[in-house]
Amino acid sequence: MRAPITVIGAFSLGGLFPIPQGRGDFMSEAAKQPVERKTLDERNRMSDLERLRHSCAHIMAAAVLRLWPDARLDIGPPTDEGFYYDFDLASHRFTPDDFPAIEEEMKKIIKENQVFEKGVLARAEASDLFQSKGQSFKLERLADIPEGEAISIYRSGEFVDLCAGPHVMRTGNVKAYKLLRVASAYYRGNEKNPQLQRLYGTAFPNKTELEQWVTAQEEAKKRDHRKIGREMELFVFDDDVGPGLPLWMPKGAVILEELERLAKETEFAAGYERVRTPHLARESMYKKSGHLPYYAESMFPPMELHEAGGEGAAEAPRERYYLKAMNCPHHHKIFAASPRSYRELPLRLAEYGTCYRYEQSGELMGLMRVRSMQMNDAHIYCTAEQFAEEFRAVNEMYLKYFKIFGLDRFLMRFSTHDPARLGQKFVDDPELWKKTEDMVRRTLVESGINFVEVPNEAAFYGPKIDVQVWSVVGREFTIATNQVDFAVPGRFGLVYKTRENTEGTPLCIHRAPLGTHERFVAFLIEHYAGNFPLWLAPEQVRVLPIGEEQDDYGRSLVRELRAHGIRADLDASGDKIGAKIRSAETAKVHTMWVVGRKEQAAGQVAIRRHGLGDLGVRSRGEALALLQADIQQRGISS
RNA sequence: GCCAGUGUAGCUCAGCGGUAGAGCAACGGUUUCGUAAACCGUCGGUCGCCGGUUCAAUCCCGGCCACUGGCUCCA
């Protein structure tokens, strides 16, 4: 059960940055659905598709009950992708092998063309009904319904469910459906509750749409960054290194280098200064920062140093060091290292810092969720007066980046605190929370940026704006973040001399517009399906001599390209030209220069672009200039 | 961390109670070729790891590790 959120608007740059042909879109079909306004009042206003899927969930539950009469049912809502239903079933563990039987039973129910009948019951009646059926979860769900609110049930054939609806008219209206996977889910989404067995499925108005969806899912899997990353030799995971600890291979490292170059240029122009800090720090620092009580579970356990040569191994450690899970405390120490004047503010300290987080094993997912990560981090120390402008500048930096990458589907999420959890999840300073949240909200509204506001999602030290994107398999991730910190600078005793010669405590903005290398590259791989724009392409040019007699000419071309900083290689294999092209295409090499006798004689190259085919002959100088221009402007498609 | 599934050559996958196979890749040779696959040959695996059952285990059982799908959590 997700807390209801009010969607103020979904942010999209619309068609401003069309994704080039052949690259497609990085979002799943489901994720492409416009973000709908959903509030408590509107909860009942399901779309036709949701209504269909919800009805299909009932049909699936009815089928499960026919096959396993002791199943206890929880809830079965529609989702972006289809629907699910949660069951508690002591006698059986669902596996995908059960799908044919369940689908067959669903088919029968659909054929019976049962009417979905709505009924409104008195609480006692409903209670008796579900009591008699042994549906204890339904009784608990019933207790959630506030006094005075109507208790509605839906009946189709022998199946009865506590359900607000709405539904399609008849089971026969469900024309195309498919069970997708078995999963488990904690009852009421709480880790401390027992787990239920969840069956996921989907339904569409007709078979064609279902088939299209299935095909789209298969296509999406082909651009999964884990698959492409292996095929293109961008990164690997190794058991001996450890889960969630990626090794960047040469071709993957190229992408990191280019991203860092972009960040350094952008940040330099925006008045940032670069710093470098170690990967670990003493426990005392994290005690001071206040991270330990909030964050210890997400950090790798500390390294304990004992007295050298001491007899007793059991004695208390002399000191503890933690691998850093965030860069801020280190940066704060740099701020604190010199006396600061208001004249120096805003002070912007940037670092692509490497952090380590002990993510729970089940949460790891390729590069999207890892345990070691490099953050496009910076901390901006400023006065309250400077805050709005700094915060706005960060938001604009996002947009600048997103334009470069052609990223046009994302959601700005404004995370605020929950007053009920002050002092636990959030630092206990209600006034500052309100003040900073108001500042952030005003900044967003004034910039005309649409956003979603989500309570209870803030960092412990202040509100934040996250940019949400969707992986190719439809999972939502935060790709960038912009956070306010009104608490930690005070804990570190960070001060600056004001114009009035008093001491002020700076506000701090934590920002990572390019998120972490790991997640950002994962996202880019899927966004481009591995077909990176030239400036990012690991292998920019491959020179393909048609025969061995052109190998020397090819070598001279590669030498020239490399002298100009272009990543070029020669295919001097004995393959025929068709095979050379095929392997370059398969490797997603951005540009091929095919050279035979004619080109060699004329000092030319035949340009072939990955996915686009033969683009004709140019002089080697012209061909080089084209590449340079494209790289220099960081073109999206070229 | 929890639930479930999976783990066979670098990759994609067959196979099975009698100790392994294909395609691609790699390597060697022949071929010197005009825009997505020339031909021949060779190498390559303690079948994730540890233990148990058995005359015999890659196969059955148990534990562990990793991955995948979810849940929980997050950049």
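This text gives an overview of the structure that appears in the document. All figures in this text were calculated on a predicted structure; none of them were measured in a lab.

**Structural notes on unusual backbone geometry**
Among all residues except glycine, the phi angle is most often negative; among peptide bonds, the trans geometry is most common.
Inference 1: Note that the residue after Leu-345, namely Pro-346, is joined by a cis bond; omega there is -5°.
Inference 2: With respect to the helices, strands and loops of the structure, Pro-346 is situated in the loop between strand E15 (340-341) and strand E16 (347-356).
Inference 3: The phi dihedral of Glu-233 is positive, around 55°, even though this residue is not glycine.
Inference 4: The exposure class of Glu-233 is partly exposed, given its relative accessible area of 45%.
Inference 5: Positive phi, normally seen in glycine, also occurs at Asn-501, with a value near 65°.

**What to know about the sheet that holds strand E27 (residues 591-595)**
Inference 1: The strand order E26-E25-E27-E28-E29 describes an open sheet built from five strands, whose pairing is mixed. Two strands lie at the open edges of the sheet, namely strand E26 (568-570) and strand E29 (613-619), each paired on one side alone. Sheet twist, expressed as the average angle between the axes of neighbouring strands with direction ignored, equals 25°.
Inference 2: In the sheet, strand E25 (residues 541-545) pairs with E26 via three bridges, with the strands oriented parallel. Bridge pairing in E26 places Val-541 opposite Ala-568.
Inference 3: Those strands touched by helix H17 (residues 577-586) are E25, E27 and strand E28 (604-609), and its axis lies near 170° from that of E25.

**Notes on the side chain of Lys-464**
Inference 1: Mapping Lys-464 onto the fold places it in strand E20 (residues 464-470).
Inference 2: Within the local environment of Lys-464, its side chain forms a polar contact with the side chain of Asp-466, the two groups lying 3.5 Å apart.
Inference 3: For Lys-464, the residues in contact, after removing those within four places along its chain, are Arg-413, Phe-414, Ser-415, Glu-457, Ala-458, Ala-459, Thr-481, Asn-482 and Gln-483.

**Brief notes about helix H4 (residues 123-132)**
Inference 1: All of the buried residues along H4 are Ala-126, Leu-129 and Phe-130. End-on view of H4: buried residues confined to an arc of 85°, all on one side of the axis. In H4, the exposed positions angled more than 90 degrees off the buried face are occupied by Ala-124, Asp-128, Gln-131 and Ser-132.
Inference 2: Directly after H4, the chain includes Gly-134, whose backbone phi takes a positive value near 70°.

**Quick look at the environment of Val-160**
Inference 1: On the secondary structure map, Val-160 appears in strand E6 (residues 159-162).
Inference 2: Sequence separation between Val-160 and Pro-463 is 303 residues, and the spatial gap between their C-alpha atoms is 44 Å.
Inference 3: Every residue in contact with Val-160, bar those within four places of it in the chain, is listed here: Leu-129, Phe-130, Lys-133, Ile-153, Tyr-154 and Arg-155.

**Here's the deal with a nonpolar patch on the surface**
Inference 1: Side chains of Val-236, Val-241 and Leu-247 sit close together on the surface and give an oily, nonpolar patch of about 190 Å² of accessible area.
Inference 2: By the secondary structure assignment, Val-241 is in the loop between strand E9 (235-236) and strand E10 (247-248).

**Focus: the protein's contact with RNA strand B**
Inference 1: Around RNA strand B, a shell composed of 51 residues is seen, among which Tyr-186, Gln-195, Arg-369, Thr-478 and Glu-599 lie nearest.
Inference 2: Atoms of RNA strand B within 4 Å of the protein belong to the sugar or the phosphate in 49% of instances, the rest to bases.
Inference 3: Within the side chain of Tyr-200, a nitrogen or oxygen atom sits 3.2 Å from a sugar or linking oxygen of RNA strand B.
Inference 4: Contacts to RNA strand B include Gly-574, whose backbone N or O atom sits 2.9 Å from a base nitrogen.
Inference 5: At the level of secondary structure, the elements contributing two or more residues to the surface near RNA strand B comprise strand E7 (176-186), strand E8 (195-204), helix H7 (225-231), H17, helix H18 (597-602) and E28.
Inference 6: With six residues, H17 is the single largest residue contributor to the surface near RNA strand B.

**Thoughts on the sheet that holds E6**
Note on sheets: strands pair through backbone hydrogen bonds, and any given pair is parallel or antiparallel.
Inference 1: Strand order in the open sheet formed by three strands is E4-E5-E6, and the pairing between neighbours is antiparallel. Each edge of the sheet is formed by a strand with only one pairing partner; in this case those strands are strand E4 (117-121) and E6. Across this sheet, the average inter-strand angle for adjacent strands is 30°, counted without regard to direction.

**A word on the environment of Val-440**
Inference 1: Positionally, Val-440 belongs in helix H13 (residues 430-447).
Inference 2: When its relative accessible area of 0% is taken as the criterion, Val-440 is described as buried.
Inference 3: Measuring from C-alpha to C-alpha, the distance between Val-440 and Thr-202 comes to 39 Å, with 238 residues separating the pair along the chain.
Inference 4: Filtering out sequence-adjacent residues up to four positions away, Val-440 remains in contact with Phe-387, Phe-391, Phe-414, Pro-463, Ile-465 and Val-484.

Reading the values: rules and limits
- Residues numbered from 1 in each chain as written.
- Chains lettered and ligands numbered in written order.
- Predicted model: local features only at pLDDT ≥ 70, side-chain atom pairs only at ≥ 80, totals over all residues.
- Heavy atoms only, no water.
- Helix = DSSP H or I, 4+ residues; strand = E, 2+ residues; numbered from the N terminus.
- Buried < 20%, exposed > 50% of the residue type's maximum accessible area, 1.4 Å probe, protein only.
- Pairing = 2+ DSSP bridges.
- Axes fitted to C-alpha atoms, helices over the stretch in contact; angles between N-to-C directions.
- Contact = heavy atoms within 4.5 Å.
- Polar contact = N/O pair within 3.5 Å; in protein donor to acceptor, adjacent residues only side chain to side chain.
- Arc of directions from axis to C-beta.
- Patch = residues over 30% accessible without salt bridge, like charges linked within 9 Å, V, L, I, M, F, W, Y side chains within 5 Å.
- Areas by Shrake-Rupley, 256 points an atom, 1.4 Å probe, with all protein chains shown as cover.
- Salt bridge = Lys/Arg side-chain N within 4 Å of Asp/Glu carboxyl O.
- Near = heavy atom within 4 Å.

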